[in-house]
There are 2 protein chains.
Amino acid sequence: MILSNACDYGIRAALYVATQRDRKFVPIREISEKLQISFHFLTKILQILTQANLMTSFRGPNGGVAFARDPNQITLMDIIQAIDGPGIFEKCVLGLSECGDEHPCPLHERWAEIREELRQMFQSNSLARMATKIQQKGFRITDYLGNPNSTIH
Amino acid sequence: MILSNACDYGIRAALYVATQRDRKFVPIREISEKLQISFHFLTKILQILTQANLMTSFRGPNGGVAFARDPNQITLMDIIQAIDGPGIFEKCVLGLSECGDEHPCPLHERWAEIREELRQMFQSNSLARMATKIQQKGFRITDYLGNPNSTIH
DNA sequence: CATATTTAAGACTCTTTTGTCTGAAATTAT
DNA sequence: ATAATTTCAGACAAAAGAGTCTTAAATATG
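Cut-offs used in this document
- Residue numbering note: each chain is counted from 1, following its sequence as written.
- Working convention: letters from A go to chains and numbers from 1 go to ligands, in the order in which they are written.
- At least 70 in pLDDT is required for a residue's local features to be given in this predicted model, at least 80 for side-chain atom pairs to be given and counted, and no such filter applies to totals for whole chains, interfaces and linings, which use all residues.
- Side-chain calculation: all heavy atoms of the structure are included, whereas hydrogens and water are not.
- Strands here mean DSSP runs of E at least two residues long; helices mean DSSP runs of H or I at least four residues long; both are numbered from the N terminus.
- Summary of the burial criterion: residues with accessible area below 20% of their type's maximum are buried, those above 50% are exposed, and those between are partly exposed, where the area comes from a 1.4 Å probe applied to protein chains only.
- In summary, the charge assignment counts Lys and Arg as positive and Asp and Glu as negative, without counting His or the chain termini.
- To locate a charge, take NZ of a lysine, CZ of an arginine, CG of an aspartate or CD of a glutamate.
- One heavy atom within 4 Å of a molecule or strand makes the whole residue count as near it.
- Pairs of N or O atoms within 3.5 Å make up the polar contacts considered here, provided that, within protein, one atom can donate a hydrogen while the other can accept it, and that residues adjacent in sequence are counted only when both atoms are side-chain atoms.
- Gly is put with the polar residues, along with every residue not named as nonpolar or charged; the nonpolar set is Ala, Val, Leu, Ile, Met, Phe, Trp, Tyr, Cys and Pro, and the charged set is Asp, Glu, Lys and Arg.
- Here the copies are superposed with least squares, the fitted atoms being C-alpha atoms of residues at a pLDDT of at least 70 in both.
- The contact definition used throughout considers only heavy atoms, calling two residues in contact when any of these lie within 4.5 Å.
- Strand pairing is defined by DSSP finding a minimum of two bridges between the two strands.
- The pairing test for Phe, Tyr and Trp rings, Trp by its six-membered ring, is centres within 6.5 Å, and the orientation test on the planes gives stacked under 30 degrees, edge-to-face over 60, and tilted for anything in between.
- Sitting over a ring, as applied to charges here, requires NZ of Lys or CZ of Arg to be within 6 Å of the ring centre and within 35 degrees of the ring normal.
- Each patch is built from residues that are more than 30% exposed by relative accessible area and take part in no salt bridge. Like charges join if they lie within 9 Å; nonpolar side chains (Val, Leu, Ile, Met, Phe, Trp, Tyr) join within 5 Å.
- Residue exposure ignores everything except the shown protein chains as possible cover, and the areas themselves are Shrake-Rupley values with a 1.4 Å probe.
- Take a side-chain nitrogen of Lys or Arg and a carboxyl oxygen of Asp or Glu: if they are within 4 Å of each other, that pair is a salt bridge.

Quick look at the overall build of chain A now. Tallying secondary structure elements over chain A gives 7 helices and 2 strands in all. Tracing chain A from N to C terminus, the helices and strands come up as α-α-α-β-β-α-α-α-α. Considering only C-alpha atoms, chain A reaches an extent of 55 × 30 × 25 Å along its principal axes. Burial status across chain A gives 51% buried among its 153 residues. Across chain A, the 17 positively charged side chains and the 16 negatively charged ones have centroids separated by 11 Å.

Turning next to the protein's contact with DNA strand C. In the vicinity of DNA strand C lie 26 residues, with Ile 28, Ser 57 and Arg 59 of chain A together with Ser 38 and Phe 41 of chain B positioned nearest. Near-protein atoms of DNA strand C (within 4 Å) split between backbone and bases, with sugar and phosphate holding 65%. The contact in question runs from a sugar or linking oxygen of DNA strand C to an N or O atom on the side chain of Arg 59 of chain A, over 3.1 Å. Note that a phosphate oxygen of DNA strand C is positioned 3.3 Å from one of the side-chain N or O atoms of Tyr 9 of chain B. Put simply, the parts of the chain that give the surface near DNA strand C at least two residues each are α3 (39-51) and β1 (55-58) of chain A together with α1 (5-19) and α3 (39-51) of chain B. Classifying every residue of the surface near DNA strand C by side-chain character gives 10 nonpolar, 12 polar and 4 charged.

Before going further, it helps to spend a moment on the relation of the copies chain A and chain B. Relative to chain B, chain A is turned by 180° and slid 0.0 Å along the rotation axis, the superposed coordinates differing by an RMSD of 0.1 Å. As the rotation angle and translation indicate, the two copies are arranged about a two-fold axis. Taking C-alpha positions as the reference, the residue of chain A nearest the rotation axis is Ile 2 of chain A, at 2.4 Å. Looking at the interface residues of chain A, 100% of them are also at the interface in chain B, so both copies use one shared face.

This part covers the pairing of strand β1 (residues 55-58) of chain B. Every regular strand shows the same layout, with side chains that alternate between the two sheet faces. All names here are of chain B. Inspection of the sheet shows β1 paired to strand β2 (residues 64-67) by 4 bridges, in the antiparallel sense. For Met 55, the partnering residue across the bridge sits in β2 and is Phe 67. Connecting β1 to the antiparallel partner β2 that follows it, the hairpin turn spans 5 residues, and Gly 60 within it adopts a positive phi of roughly 90°.

Right, let's talk about the protein's contact with DNA strand D for a bit. Taken together, 25 residues lie near DNA strand D, and Ser 38 and Arg 59 of chain A together with Ile 28, Ser 57 and Arg 59 of chain B sit nearest. Expressed as a percentage, the sugar and phosphate content of the atoms of DNA strand D within 4 Å of the protein is 65%. In this structure, a phosphate oxygen belonging to DNA strand D sits 2.3 Å away from a side-chain N or O atom of Ser 57 of chain B. Counting residues per element, the ones that place at least two in the surface near DNA strand D are α1 (5-19) and α3 of chain A together with α3 and β1 of chain B. Top element by residues in the surface near DNA strand D is α3 of chain B. It accounts for 4 residues. The residue makeup of the surface near DNA strand D, split by class, is 9 nonpolar, 12 polar and 4 charged.

Turning our eyes to something else, we now look at the packing of aromatic side chains. For the structure shown, the criterion picks out 6 aromatic pairs over all chains. With centroids separated by 6.1 Å and ring planes inclined at 85°, the aromatic side chains of Phe 89 of chain A and Phe 122 of chain A adopt a geometry described as edge-to-face. Here the residue Phe 89 of chain A occupies a position in the loop between α4 (76-84) and α5 (108-123), and Phe 122 of chain A occupies one in helix α5, the gap between them amounting to 33 residues. Exposure class is identical for Phe 89 of chain A and Phe 122 of chain A. Each is buried. Pairing Tyr 9 of chain B with Phe 41 of chain B gives two aromatic rings, centres 5.8 Å apart and planes at 90°, and the pair type is edge-to-face. Note that Tyr 9 of chain B is positioned in helix α1 and Phe 41 of chain B in helix α3, a separation of 32 residues in sequence. A cation sits over an aromatic face here: Arg 29 of chain A above Phe 39 of chain A, 3.9 Å from the ring centre.

This part covers a negative patch on the surface. A cluster of acidic residues, Glu 98, Asp 101, Glu 102 and Glu 109 of chain A together with Asp 143 of chain B, forms a negative patch on the protein surface. Its location among the elements puts Asp 143 of chain B in the loop between α6 (127-137) and α7 (148-151).

Here the focus is the environment of Asp 84 of chain A. Residue and element names in this part refer to chain A. Mapped onto the fold, Asp 84 is located in helix α4. Asp 84 sits in the partly exposed class, given a relative accessible area of 27%. Between the C-alpha atom of Asp 84 and that of Asp 8, which follows or precedes it by 76 residues, the distance is 9.9 Å. Residues contacting Asp 84, with those up to four places away along its chain left out, are Leu 3, Ser 4 and Cys 7. Here the side chain of Asp 84 touches Ser 4 through a polar contact of 2.6 Å, side chain to side chain.

This part is about helix α2 (residues 28-35) of chain A. Each α-helix turn comprises 3.6 residues. Residues three or four places apart therefore point the same way. All names here are of chain A. Taken together, the buried positions of α2 are occupied by Ile 28, Glu 30, Ile 31, Ser 32 and Leu 35. Among the structural elements, α1, α3 and β2 (64-67) are those in contact with the buried residues of α2. One or two residues past the end of α2 sits Gln 36, with phi positive at roughly 55°.

This is the structure in structure tokens:
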């Protein structure tokens, strides 16, 4: 798919943390249980985000992860870039290495437009804004189906 | 990326064959050399396309592969579906299994629109039409850079 | 200090993707 | 017939992605 599994997990975890406004640090164990993601795998992914200075972490009781800066200033784009790298928004859809306006592949022009829409989709709303929408509109970030209001406990 | 390597190779090979209008069968060896793709790997990929009844093949001298039906009736979409399956155009961008209009993820609505544009990009032009454009406008289907007119010999 | 909690780090396994290689089968040409 | 050409089939290997597990380090609490 367009994003790796790890990236999907990272995004969902970040959105979960963003919905926990008032709390300082959210334990990875809790995130993994709520979103039903392997704890150890999620730990590795969140370490990438802390190493990228998007999140901070704190060990010991009451520890966990939190955003390193205001979640109004972080977008999904930041998370995608940290986990999957810039590939999606740079590479030729046919895998040609020098594809560009000068030496375009047959899909280059249209793909560049769509890629730009994807970029907009991923960076037009901050995590804080998305968290609000998730709660107001009952959007899902977990596979659990049911009362939207219980999706995030 | 959005398409697998194998799918990129399959698309480029199909476009190359489409540019060879008058010829009956195009040898895989020739395609692999022109497009600089591993011969054996490309063979396997083209076998997928013949098994999907998009192409036919013929063994022996003067053998090779050709389209099983009029290339005016085949699109990149057909090739993508055969090699990568329907995943891209069906799955949730966050990997949620039941994501849809009833239980949407935060990106569902916008992603559905963009996915539709991708679908259009891949099926709005037939292989025959694309081959014409490749030749008229000098579009590239190989990594080789240089005189566009020599891209496809 | 001792213990419990929680992230950090890294080794390890499993699966999928990508790619290589060999031999068989079909076809043509000599 | 024999040899050359070309796809077919499948084993095999290498690399990347996904996921598991163990141990260490940091922090809090009693």
